[in-house]
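Each chain, letter by letter, is given below.
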Amino acid sequence: MTLFFLSNPKSFFFKNLAPILVFCISIIIWILFYPAYMSADALVQYGQALYQNYEDWHPPIMAILLHYTLALGGGVQTFTLIQTLAGSFGVYLLAQEILLQKNVSDKKVIWYPFYIFLILILPVSPLPFYLMNFLKDTWIVIGMIWIAYLGLKTTRISTQKNKRYYFNYTVLVVLMALLFLTRYNAIVLLPVFFILLMYNS
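Parameters and conventions
- Residues numbered from 1 in each chain as written.
- Predicted model: local features only at pLDDT ≥ 70, side-chain atom pairs only at ≥ 80, totals over all residues.
- Heavy atoms only, no water.
- Helix = DSSP H or I, 4+ residues; strand = E, 2+ residues; numbered from the N terminus.
- Expected span 1.5 Å × (residues − 1).
- Buried < 20%, exposed > 50% of the residue type's maximum accessible area, 1.4 Å probe, protein only.
- Contact = heavy atoms within 4.5 Å.
- pLDDT = per-residue confidence, 0-100.
- Patch = residues over 30% accessible without salt bridge, like charges linked within 9 Å, V, L, I, M, F, W, Y side chains within 5 Å.
- Areas by Shrake-Rupley, 256 points an atom, 1.4 Å probe, with all protein chains shown as cover.
- Salt bridge = Lys/Arg side-chain N within 4 Å of Asp/Glu carboxyl O.
- Axes fitted to C-alpha atoms, helices over the stretch in contact; angles between N-to-C directions.
- Left-handed = near helix turned anticlockwise from the far one by under 90°.
- Nonpolar A, V, L, I, M, F, W, Y, C, P; charged D, E, K, R; others polar.

**Details of helix H7 (residues 106-120)**
For H7, with 15 residues, the first-to-last C-alpha span of 22 Å sits near the 21 Å given by 1.5 Å per residue. When H7 is considered as a whole, its buried residues turn out to be Val-109, Pro-113, Phe-114 and Phe-117. Buried-residue contacts for H7 involve helix H3 (17-32) and helix H6 (76-101).

**Some points on the confidence of the model for the protein**
With 95% of its residues at a pLDDT of 70 or more, the protein shows a mean pLDDT of 88. Across the protein, element-level confidence peaks in H3 with a mean pLDDT of 96 and bottoms out in helix H1 (residues 2-7) with 51.

**Describing a nonpolar patch on the surface**
Taken together, Tyr-112, Tyr-115 and Leu-118 make up a surface patch of nonpolar side chains, about 280 Å² in accessible area. In this structure, Tyr-115 sits in helix H7. Judged by relative accessible area, Tyr-115 falls into the partly exposed class, the value being 42%.

**Structural notes on the packing of H3 against H6**
Contact pair H3 / H6: the axes reach a minimum separation of 9 Å and the direction vectors enclose 145 degrees. Between H3 and H6 lies a crossing whose hand is right-handed. The residues of H6 that touch H3, namely those facing Ala-18, Pro-19, Val-22, Phe-23, Ser-26, Ile-27, Ile-29 and Trp-30, are Gln-77, Thr-80, Leu-81, Thr-84, Leu-85, Ser-88, Phe-89 and Tyr-92. Of the residues belonging to the contact of H3 with H6, the class tally is eleven nonpolar, five polar and no charged.

**Description of the environment of Leu-150**
Inspection of the secondary structure assignment puts Leu-150 in helix H9 (residues 136-156). Using a relative accessible area of 7% as the deciding quantity, one classes Leu-150 as buried. A C-alpha to C-alpha distance of 9.8 Å links Leu-150 and Gly-90, two positions 60 residues apart in sequence. In this structure Leu-150 touches Asn-168, Val-171, Leu-172 and Leu-175, once residues within four positions along its chain are discounted.

Below is the structure:
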């Protein structure tokens, strides 16, 4: 892909215009809400990260990661940037994967997911607020989107059993495990995750 970009950047740009637009819109959302939309729970976790006074009312994983990010010179804006990009591309890729399962045309596979993403970031939708909210609910929602995407994709390529299949399967398992660290009651999803893994094995 790198060689193709260097040899024909104009063709590469138009071929990947939809993902590029998703990226640009995500950055705009991040700038508009910079550094973050902070609820009362988010402020509590931010205080835990500052003073390393962790409690079990909120799962400490977010506060611990934020603490070390602050120590390295980053901040809550680092997390909201990652959240916005992960959530936006998660929505795009999930919609794209659903269309691939339906064997639609290449043009629809590229642009229909982008149109769905545009609808979901309209002012009547809560998606931009969720993406920029430093909260465990945001991590759960984004994680579930990516689990749905990886689950569908792994199912689609499960007959091949190649390196890409095993990579997707591994990422799927790791993401499921991380989800349990983000919210305690996510444990109720364990049977669903087990069935999904067994179906894709």
